[in-house]
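If you want the building blocks of each chain, they are given just below.
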Amino acid sequence: MPLKVATLDNDCTTLSDQVLEDFIRQLRGVVLREDDPEYEKSRRVWNGMIDCYPAMIVRCAGTSDVMAVVKFARAHNLRVSVRGGGHNVAGKAVCDQGMVIDLGLMNSVWVDHQVPSVRVQAGARLADVDEKTSSLGLAVPVGVVSRTGVAGLTLHGGLGWLLRRDGLTVDNLLALEVVTAEGKRIVVNAREHADLFWALRGGGGNFGVVTSFEYRLRPIESKVWFAAVLYPYAQAQKAIAFWRDFMTTAPEELSSFCVLRGRPMQAAGHKIPRQPVVAFLACYSGPFDRGEEAIRPLREWSTPIADFSGPKDYHLQVQRLFDKDYPEGRCYYWDSLFFNDLDTRTIKIIAEHAEHCVSPLSSVNVWALGGAMNHVAPSATAFGKRDCKFMVAVEANWEGSEGAPANMAWAIDLVDALRPVSRPGVYLNFPGAAAGLQSLVKGSYDGNFAKLQEIKKRYDPDNMWRGNFNIVPECDA
Ligand SMILES: Cc1cc2nc3c(=O)[nH]c(=O)nc-3n(C[C@H](O)[C@H](O)[C@H](O)COP(=O)(O)OP(=O)(O)OC[C@H]3O[C@@H](n4cnc5c(N)ncnc54)[C@H](O)[C@@H]3O)c2cc1C
């Protein structure tokens, strides 16, 4: 049957049987259409709010498939999206009526013991990397939920438990393999396509399809000291102020975020008291025998409701601690803001607003930044917000799509209240609905935006890669 597919210019084209057959014959992977039994599962992404019906989903089996798909999409001017792990909260991995370039089958991980480094195919999840590196006492600094896709997380920065010791995920990148908008395979590193290497360290999916990432591996002891201390919500404002001061002088081996749960918590698999809480979470990645002392102030700040702190296996426990709290198919709306500092007024807004969250699954997470992330100059990579000390992630999480208006309104109201006192832009891995606006994309990159536009013009002048947080090649924003 001929297939109608949306084009880049919001029109539609019809692909004949013959054209499709010739295309499919070039591939090792599979093409799914609406009548395929695998289609329904494959069109879904992690966020249950996203309900896109692509005309076709191409499940690529390797780089040569990606090259063939890009050439085909280009020849027919098709609307495309690129799917790594499918965990982008805004659902950018899929597109209505267009073609999804799905990299999920490409999830191999190879360790090079000499460097040491690891090469990771772009469909891998964080857990795939952890599995290969855990027995070696090595890690890639990635995010805090192991089901998340490596690709999307890396391309917009990557914040996690080793952030203050080893920097952003992109600070640990050595090289990438990329298929360009022309369908050419190139290797990108500090020597080859150095401009693109700069742009891909924060610039998202704007420049081509990344088929693999090579990261420097960092040493990690198998056991680390982890803090998970819960205090009554009534103390939230004082708790955040204490935590802010503590993290300002804390060792760089300590990475932490502070979680506000304004409604009695439901946390899968955790024995949590049923009352609103403010929680300090922290991971100490320095020498094990110094860890208990490093997290002690967080545990002794006041009288906790519960304290789950202790030594934990880094790969098997810490990296998977929150997996069950973010199941696939639940409804999610997240947004984020960066701050130079958190003054008393800002803390008050956060604490008062978080208390009135609609769903008991929702939270506001305040991340401490700084440390190694700060040692890299803001202009050294595309990632724009290195000098900020804190990031606030607003997470509306709820069951049942009918709850969308109220839950989203809660998150949007808080972001609106904080916007005047925050830095411009968002963390594009925790984007709100407005992150599609060019002004917000521009704000997210600070002084790096103009250079990103230049590089976009060089590698994707026709803006083929636009189904993302788009850096428009020609635009004054
Ligand atoms: C439960 C959960 C926990 C999270 N925790 C963290 C965290 O601790 N730290 C953090 O920094 N972030 C975190 N995130 C955010 C996460 O980094 C983003 O959602 C990211 O987009 C996920 O990557 P993905 O490959 O699954 O994305 P996808 O949804 O597959 O892709 C998102 C977009 O990225 C681009 N893209 C993906 N793959 C490629 C590729 N190979 N080549 C070119 N472009 C590509 C495309 O534009 C695509 O539309 C979390 C997200 C979730 C859902």
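Description of the structure in this document. Since the structure is predicted, the reported quantities are computational estimates derived from the model, not experimental observations. (Residues numbered from 1 in each chain as written. Predicted model: local features only at pLDDT ≥ 70, side-chain atom pairs only at ≥ 80, totals over all residues.)

Structural notes on the sheet that holds strand E11 (residues 185-189)
- Strand order in the open sheet made by the 5 strands is E7-E8-E12-E10-E11, with antiparallel pairing throughout. Strands at the two margins of the open sheet, each flanked by one partner only, are strand E7 (109-112) and E11. Each neighbouring strand pair of the sheet contributes to a mean axis angle of 15 degrees, computed without reference to strand direction.
- Pairing between strand E8 (residues 117-121) and strand E12 (residues 209-216): 5 bridges, direction antiparallel. Residue Val-118 lies in a different strand from E12, and its bridge partner there is Tyr-215.
- On top of the sheet, helix H3 (residues 63-75) reaches strand E10 (173-179), E11 and E12; it is set at about 50 degrees to E10, its chief contact. (Pairing = 2+ DSSP bridges. Helix = DSSP H or I, 4+ residues; strand = E, 2+ residues; numbered from the N terminus. Axes fitted to C-alpha atoms, helices over the stretch in contact; angles between N-to-C directions. Contact = placed C-beta atoms within 7 Å.)

What about the site of the ligand?
- The environment of the ligand is made up of 34 residues, and the closest members are Gly-84, Gly-85, Gly-149, Gly-152 and Gly-205.
- Elements with a contribution of two residues or more to the shell around the ligand: strand E5 (80-83), helix H5 (150-155) and E12.
- When residues in the shell around the ligand are grouped by element, the largest group, 4 residues, is from H5.
- Each residue belonging to the shell around the ligand can be placed in one class, and the counts come to 15 nonpolar, 17 polar and 2 charged.
- Each of two domains, domain 1 (3-102) and domain 2 (109-219), supplies a minimum of three residues to the shell around the ligand. (Near = placed C-beta within 6 Å. Nonpolar A, V, L, I, M, F, W, Y, C, P; charged D, E, K, R; others polar. Domains from an automatic or database assignment.)

A closer look at H3
- The end-to-end C-alpha separation of H3 is 18 Å, in line with the 18 Å expected for 13 residues at 1.5 Å each.
- Downstream of H3 by a residue or two, Asn-77 has a phi angle that is positive, lying close to 55 degrees. (Expected span 1.5 Å × (residues − 1).)

So, unusual backbone geometry
- Each neighbour pair has its own omega, and for Val-115 with Pro-116 the value is -10 degrees, a cis peptide bond.
- Of note, Pro-116 is situated in the loop between E7 and E8.
- Located in the positive-phi region is Asn-463, a residue other than glycine, with phi close to 55 degrees.
- A tally of 17 C-beta atoms within 10 Å means that Asn-463 is categorised as partly exposed. (Buried ≥ 20, exposed ≤ 12 C-beta atoms within 10 Å, placed from the backbone.)

What to know about the nonpolar core
- With 152 residues, the main nonpolar core has Met-99, Ile-101, Phe-390 and Val-392 as its most contacted residues.
- Filtering out sequence-adjacent residues up to four positions away, Phe-390 remains in contact with Phe-339, Leu-342, Val-366, Trp-367, Ala-368 and Leu-369. (Core = buried A, V, L, I, M, F, W, Y, C linked by C-beta atoms within 7 Å.)

Some words on the sheet that holds strand E6 (residues 99-102)
- In space, the 4 strands of this open sheet follow the order E3-E4-E6-E5, with mixed pairing throughout. Every interior strand has two partners, whereas the edge strands, strand E3 (30-32) and E5, have only one. Going across the sheet, the axis of each strand differs from the next one's by a mean of 20 degrees, ignoring polarity.
- Of the pairings in the sheet, the one linking strand E4 (residues 56-59) to E6 comprises 4 bridges and is parallel in character.

Section: the environment of Pro-287
- Here Pro-287 is to be found in the loop between strand E16 (277-284) and helix H9 (288-300).
- We classify Pro-287 as exposed; it has 10 C-beta atoms within 10 Å.
- Residues Pro-287 and Val-224, 63 residues apart in the sequence, show an inter-C-alpha distance of 8.3 Å.

Observations concerning the packing of helix H10 (residues 344-354) against helix H12 (residues 404-418)
- At a closest axis distance of 10 Å, the pairing of H10 and H12 adopts a crossing angle of 170 degrees. In this view, H10 runs roughly antiparallel relative to H12, as classed from their interaxial angle. Contacts from Thr-346, Ile-349 and His-353 in H10 reach Asp-413, Leu-414, Ala-417 and Leu-418 in H12.
- When grouped by side-chain class, the residues that make up the contact of H10 with H12 number 4 nonpolar, 2 polar and 1 charged. (Parallel < 35°, antiparallel > 145°, perpendicular 65-115°, else oblique.)

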